[in-house]
Amino acid sequence: MSDRNKILNGRGQSAAIVYACVAVLSWSTVATAFKIALKHLTHFEMLLVASVTSLVIFALLLTFRRKWRLIASLTIRQWGYFALLGVLNPVAYYLVLFKAYDLLPAQVAQPINYAWPIVLLVLLALFARQPIPRKKYIGMFISLGGVVLISVGTGRSGNMQLPLSGLLLAALSALLWASYWMVNNRYKDRTDGSVALFMSFLFGTAYLLAGAAVTGVDLHTLPGILSGMYVGAFEMGIPFICFSLAMRKTNNPALVNQLCYLSPFLSLFFIAVVLGEQIVFSTYVGLALIVSGIVFNQYFVKSKA
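Below is a short write-up of the structure. (Residues numbered from 1 in each chain as written. Predicted model: local features only at pLDDT ≥ 70, side-chain atom pairs only at ≥ 80, totals over all residues. Heavy atoms only, no water.)

## Description of the nonpolar core
Soluble, globular proteins show a tendency: their nonpolar side chains are buried together. One finds F34, M46, F82, F98, Y101, F198 and M199 to be the most contacted residues of the largest nonpolar core, which totals 83 residues. Per-element tally for this core: the top contributor is helix α4 (residues 76-103), with 13 residues. Here Y101 is in contact with A31, F34, K35, L38, A106, A109 and Q110, once residues within four sequence places are set aside. (Core = buried A, V, L, I, M, F, W, Y, C linked by side-chain atoms within 4.5 Å. Buried < 20%, exposed > 50% of the residue type's maximum accessible area, 1.4 Å probe, protein only. Helix = DSSP H or I, 4+ residues; strand = E, 2+ residues; numbered from the N terminus. Contact = heavy atoms within 4.5 Å.)

## Quick notes on the pattern of salt bridges
The full count for this structure, using the stated rule, is two salt bridges. Residue K67 pairs with D192 through a salt bridge whose shortest N-O separation is 2.7 Å. Here K67 is found in the loop between α2 (43-65) and α3 (68-72), whereas its partner D192 is found in the loop between α8 (164-187) and α9 (193-215), with 125 residues between them in sequence. Given the relative accessible area of 25%, D192 is considered partly exposed. The closest approach of N and O atoms between K99 and D102, which form a salt bridge, is 3.6 Å. Taken together, the residues K99 and D102, both in helix α4 and three residues apart, mark about one turn of the helix. Its relative accessible area of 35% is what places D102 among the partly exposed residues. (Salt bridge = Lys/Arg side-chain N within 4 Å of Asp/Glu carboxyl O.)

## Details of the side chain of S179
Position of S179 relative to the elements: it lies in helix α8. On the basis of relative accessibility, which here comes to 19%, the residue S179 falls in the buried class. Every residue in contact with S179, bar those within four places of it in the chain, is listed here: L88 and L123.

## Concerning the packing of α4 against α9
At their nearest, the axes of α4 and α9 sit 7 Å apart, and the two run at 70° to each other. Taken together, the axes of α4 and α9 are roughly perpendicular relative to one another. At the point where α4 passes α9, the crossing takes the right-handed sense. Note on element contacts: α9 touches α4 through A196, M199, S200, F201, F203, G204, Y207 and L208, opposite W79, F82, A83, L85, G86, V87, N89, P90 and V91. Tallied by class, the residues present in the contact of α4 with α9 amount to 13 nonpolar, four polar and no charged. (Axes fitted to C-alpha atoms, helices over the stretch in contact; angles between N-to-C directions. Parallel < 35°, antiparallel > 145°, perpendicular 65-115°, else oblique. Left-handed = near helix turned anticlockwise from the far one by under 90°. Nonpolar A, V, L, I, M, F, W, Y, C, P; charged D, E, K, R; others polar.)

Structure (structure tokens):
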């Protein structure tokens, strides 16, 4: 390899790490942002503001990349696919997730939702006929043990009220995100990623606006609107773009993926400092178990899938 190529590869890798760090830091702050926004808005209102914000970001991305022509080339079947995908994400997933955060402490809702890769293994086995390697059951049980510890131990050790409805919604959010990932990954090679994000949020925002017209919304507080916009930008929009750029520029995708495992632990720091939640020991242990199980299955168990 020539010196010039080495320099270009080095710059590309450095840029990839920067993009990945931006994505990780963004995702690390959103659990805190959810709770702040929910002080001013309902979970539906927060999603409406966030979804509109994300749609604008993705529209700007298409403009910057000059990909609007790809929208015109979509088939009727693809429009129907995105119409259904928009129901799943952003509508169903985020309505459930935001309601879970409304009912639970952030240190409980965030780790349970983070267990979605374990749910994905089960869904792939059931619907995609991808058998689960025996060793991966070890990782699954480790992660599920972490979920149980957080669901049971955190409330007792921290004297917190953990309503069953909130815990079930947090678990349902993991199921919905795993479902979205499975469906979207199946068709990702057929549509440009930027177009797919825009189309999903185009339909999702349309559904939310229709719902707002029927039920009514009260977006009278500037802090609520700004916090909802922050959620749209740094949960749904910017980090996905940055992570995509990181994966395109890196020559070490495993490193970029591994950086993402820092996100839930950094999130606990922001939850403690900004929200003032006292992070109890069982939360740390439970989250460590969840992440350990996911890492074990991803890096230490060979899979044909």
